[in-house]
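Inside the fold
These are the residues of each chain, in order.
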Amino acid sequence: MTDILKPDKMPQVEEAVRWALTHGKALEVLGAGSKRAIGRPAQTDLTLDLSGLTGMLLYEPDELVLSARAGTPLAEIEAMVAASGQELAFEPMSFGALLGAPSGGPTIGGVIAANVSGPRRFKAGAARDHLLGFTAVSGRGEVFKSGGRVVKNVTGYDLCKLMAGSWGTLAVLLDITIKILPRPEMELTVLLFGLDDGAAVRAMTAALASNCDVSGAAHLPAIVAARVPSIATAASNRAVTALRLEGVAPGVAHRRAMLERAVAATTVAATDVAATDVAACGEGGAIEGSASRELWRAIRDVEPFAAAHTGADRPLWRVSIAPSKSAALALAVSGRVSGSGDAQVLYDWGGGLLWILPPPSRDGGAALVRSALAAAGGTFPASGSFAAASGTSAATGFIAGGHATLIRAPAALRAAVDVFQPQEPVLAALTKRVKESFDPKGVLNPGRMWAGV
Amino acid sequence: MALAMPEPDGAVLERRDRIVERLRAIVPGEGVIASVQAMRPYECDGLTAYRQLPMVVVLPETTAQVSSILQYCYAEGIKVVPRGAGTSLSGGALPLADGVLLGMAKFNRIREIDFDNRVVVAEPGVTNLKVTQAVEHAGFYYAPDPSSQIACTIGGNVAENSGGVHCLKYGTTTNNVLGCELVLMTGEVLRLGGKHFDSEGYDLLGVINGSEGLLGVVTEVTVRILRKPETARALLVGFPSSEDAGACVGRIIGAGIIPGGIEMMDRPAIHAAEAFIHAGYPLDVEALLIVELDGPQAEVDHLAARVESLAKECRAVTCRVSASEQERLLFWAGRKAAFPAVGRISPDYYCMDGTIPRAKLPLVLRRMRELSQTYGLRVANVFHAGDGNLHPLILYDANAPGELERAEAFGSAILKLCVEVGGVLTGEHGVGVEKRDLMPEMFTEADLAQQQRLKCAFDDKGLLNPGKVFPTLHRCAELGRVHVHGGAMAFPEIPRF
């Protein structure tokens, strides 16, 4: 059993990293462990558990800012800001349902380290866009800070962006400062029933290109929608396309009317008009309040693909792609439309985010998903000038137009296939140098993202 | 001007003729500028107090040329300073005597407009405003709007992580850029991001934004475009004190309203702007707020009424809501002309750019008045009140002996004050050379060393834009050494399970 170090004072973190550095040990950096099963299986000597470093340091609602120790539970922060009518606008998802993680939910440090976001990503950003400042211990055993507590700050390199999404491989976060925003007064979700994937993406594109200020755009093929209690009855075995509006009541009512007009135009224009229940765009096609909130929580946490529905070992992929390419990608993976085959797909971010359960295969769908992404999104070299200038013209096969991550799979599979997307050689070399600039001896989560990083 | 830049490398200067010749082989025709007269326009950027002729100017047109230039300079140990339109207010594009000035002006085409994915792919020399102009026929715009947007380029916006008056609601450049093509100092080319969200690996795109041309040269940028809000209305609200105005901003935001923009002006700025533009600003108030609400008509009207009633509760003495688009633009005209307006009442002015926690505003303004007396120079304040970004304009006369030095000392004192109250040295203008030597006010040696190690990962010879941002240059080998203190102990104090 791996030894666990659980600091309860800040200097102990520094001490632990220095000790590991001196003794040539590798540390698994851990918050609450809710995302512990994401990434290449850990090859570490000890676990550095930060869940003991908790506490709110500052919360000023009028200034829209909050600071906390990195080990503070997200739930505690959310409850505190909710009491002031505010929220973390990037709507961080919970991986609990997908990964069967321990109860209690993630820490704020873990949310930042994995650059977590939610359905509002295209409007409000991800964790990266809300981290204003931090203090951390680098893999060199040195405490350093970056950023501050103000929104507008260009003093020095923006290391906040680098921390967000580094999966604990660069530095151990000690405390963080994030932007907090007002929670919308109300929300309403317009539902469209029975659209196939292509028509749904067109409808979502029209919605996002309108000035209705849509804050959520997701498409759940029939088999997926049937697993979401808040809409299953209304869906009655049809696909559901959901468009969320948030704000003050007069604005939401006004935008709903605009949105229904914008979307009706595309669905009528779609080739497969028969499949579209245009009537559903009217009065009956909307939910609000807790029903709407439940729907978006289910989408955010990818509940239809929870272990309870699919089995805990079923490989699950998360794909970020240009929204207009999403239906083609899903089609290539499933071999047919509407996720009705062995593959199942959930579309979020208007098509920019796909959650994919590929058909069962020995590599967990890695080759299928990545070749489909390459076909839909393009590969390097992306342009003639790029190829000529880089001198790596033969370095094809690296995906340029998006990325696919194996979010859930048994450890043996995560050891066998690339969990994070393989990088082209110039980027891979730069990534390695960046890692070494923070953690030259590979003390922090070595190999979690890629071998040697 | 007492500004220490890296010592010019005599060996490089001796080879100047050969270097020019070699660059001409890479960029034929008029793309290489070597005569003193023709290089004169490049000797400074928007921070005109500092001037330096470069060794040579080169204006490439393709990524392949940029790559070849950098590859050559890397091999030969020649410094390179990238430049967009040269509107930097912090000296980020200040040339080096022994450096190649790499002008990106010829990268001026928009490569793709993709409405389905709501992005524009542009070359870095395209101006900020041109991006909006390219898509406004379809009702779209590019959100970050620095006041130099008519001239400043997208590549420069990425380098500086430029802001504007709408940042609180729509973010700065870094929140609106999805991808770029980047050439490293070695000449290697890579792509970061694209039309999709988030980096899977390290968010290097996020680091490039705001890196002030020290990490790589951007040769293509993919930005997000947004649909223009249906309508916008502005409120012009006058207060008897800056404390009241500051409290009102807090009340509006605390009430859950995020306006498209909230600007504040103090008495000297109000008077200068009104005398210049005649926007109808009240002259008997100490502080003026412009609050802009954007969105659908019904929503804007609803929120305008709420802001008006909040303003009254905050002791506002005047409040006008724009009744037409013409009136809204008039409200803004005074604010947007604040810099030239101040230019009319003073021979010269020096624009500062600190950010502070908004609640500290009354304290900072009070201390600034004291400093104004100490240094014997007037100051006018315009303020992006929503996000705490302060632009004090220090009034001075460069022809009066010692005034420029006093203005600079006053400016430094203001920035130190910003840091002291929990703010930062620069909100949107960048560190450049201007604030370089103040960096230790905000960062420890360990903080700065870690930033410079990151620089080494991109540019191990330190050839790209050296002398900017960091007060002390260290060799990468020296920064890379690992010194462990206290690591030998077996951490007896840490709870273990």
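This text goes with the structure placed above it.
What you see is a predicted model; the values in this text were computed from it and never measured. (Residues numbered from 1 in each chain as written. Chains lettered and ligands numbered in written order. Predicted model: local features only at pLDDT ≥ 70, side-chain atom pairs only at ≥ 80, totals over all residues.)

Some thoughts on the interface of chain A and chain B
- Listed by partner, the interface residues are 95 residues for chain A and 97 residues for chain B.
- Grouping the amino acids of the side of chain A that touches chain B by side-chain chemistry returns 40 nonpolar, 33 polar and 22 charged. (Contact = placed C-beta atoms within 7 Å. Nonpolar A, V, L, I, M, F, W, Y, C, P; charged D, E, K, R; others polar.)

Considering unusual backbone geometry
- Despite not being glycine, Asp213(A) shows a phi value in the positive range, around 55°.
- Assignment of secondary structure puts Asp213(A) in the loop between helix H7 (197-209) and strand E12 (214-220). (Helix = DSSP H or I, 4+ residues; strand = E, 2+ residues; numbered from the N terminus.)

What about the packing of helix H10 (residues 242-254) of chain B against helix H12 (residues 297-313) of chain B?
Residues and elements named next belong to chain B.
- Two numbers describe how H10 lies on H12: the axes approach to 9 Å, and their chain directions differ by 140°. Between H10 and H12, the angle falls in the class oblique. When the axes of H10 and H12 are compared, the crossing they make is right-handed. Counting all contacts with H10, which are made through Cys248, Arg251 and Ile252, the residues of H12 involved are Val307, Leu310 and Ala311.
- Class assignment of the residues belonging to the contact of H10 with H12 gives a composition of 5 nonpolar, no polar and 1 charged. (Axes fitted to C-alpha atoms, helices over the stretch in contact; angles between N-to-C directions. Parallel < 35°, antiparallel > 145°, perpendicular 65-115°, else oblique. Left-handed = near helix turned anticlockwise from the far one by under 90°.)

A word on the sheet that holds strand E4 (residues 56-60) of chain A
All names here are of chain A.
- As summarised here, the arrangement of the 5 strands in space is E4-E5-E9-E7-E8, forming an open sheet in which the pairing is antiparallel. Here the strands that pair on one side only, and so sit at the sheet edges, are E4 and strand E8 (143-147). Along the sheet, successive strands turn relative to each other by an average axial angle of 15°, direction set aside.
- The pairing of strand E7 (residues 131-138) with E8 spans 5 bridges and is classified as antiparallel. Its bridge partner lying in E8, Ala136 is registered against Phe144. (Pairing = 2+ DSSP bridges.)

Thoughts on the sheet that holds strand E9 (residues 189-193) of chain B
Residue and element names in this part refer to chain B.
- Spatially, the 5 strands line up as an open sheet ordered E5-E6-E10-E8-E9, and their pairing is antiparallel. The outermost strands of the open sheet, each flanked by one partner alone, are strand E5 (110-114) and E9. Going from strand to strand, the sheet's axes swing by 10° on average, the running direction of each strand aside.
- Here 4 bridges tie strand E6 (residues 119-122) to strand E10 (residues 217-224), and the two strands are oriented antiparallel to one another. Residue Ala122 lies in a different strand from E10, and its bridge partner there is Val221.

A look at the environment of Val36(B)
All names here are of chain B.
- Of note, Val36 is situated in helix H3 (residues 36-39).
- Given 9 C-beta atoms within a 10 Å radius, Val36 is considered exposed.
- When the C-alpha atoms of Val36 and Leu53 are compared, they prove to be 7.6 Å apart, with 17 residues separating the residues in sequence. (Buried ≥ 20, exposed ≤ 12 C-beta atoms within 10 Å, placed from the backbone.)

Details of the nonpolar core
- Counting 299 residues, the largest nonpolar core has Met163(A), Val172(A), Leu173(A), Ala207(A), Val223(B), Leu289(B) and Ile394(B) as its most contacted members.
- Beyond its immediate stretch of four places on either side in the chain, Ala207(A) contacts Cys212(A), Val214(A), Ala217(A), Leu243(A), Leu259(A), Ala262(A) and Val263(A). (Core = buried A, V, L, I, M, F, W, Y, C linked by C-beta atoms within 7 Å.)

This is a description of form; function is not addressed.
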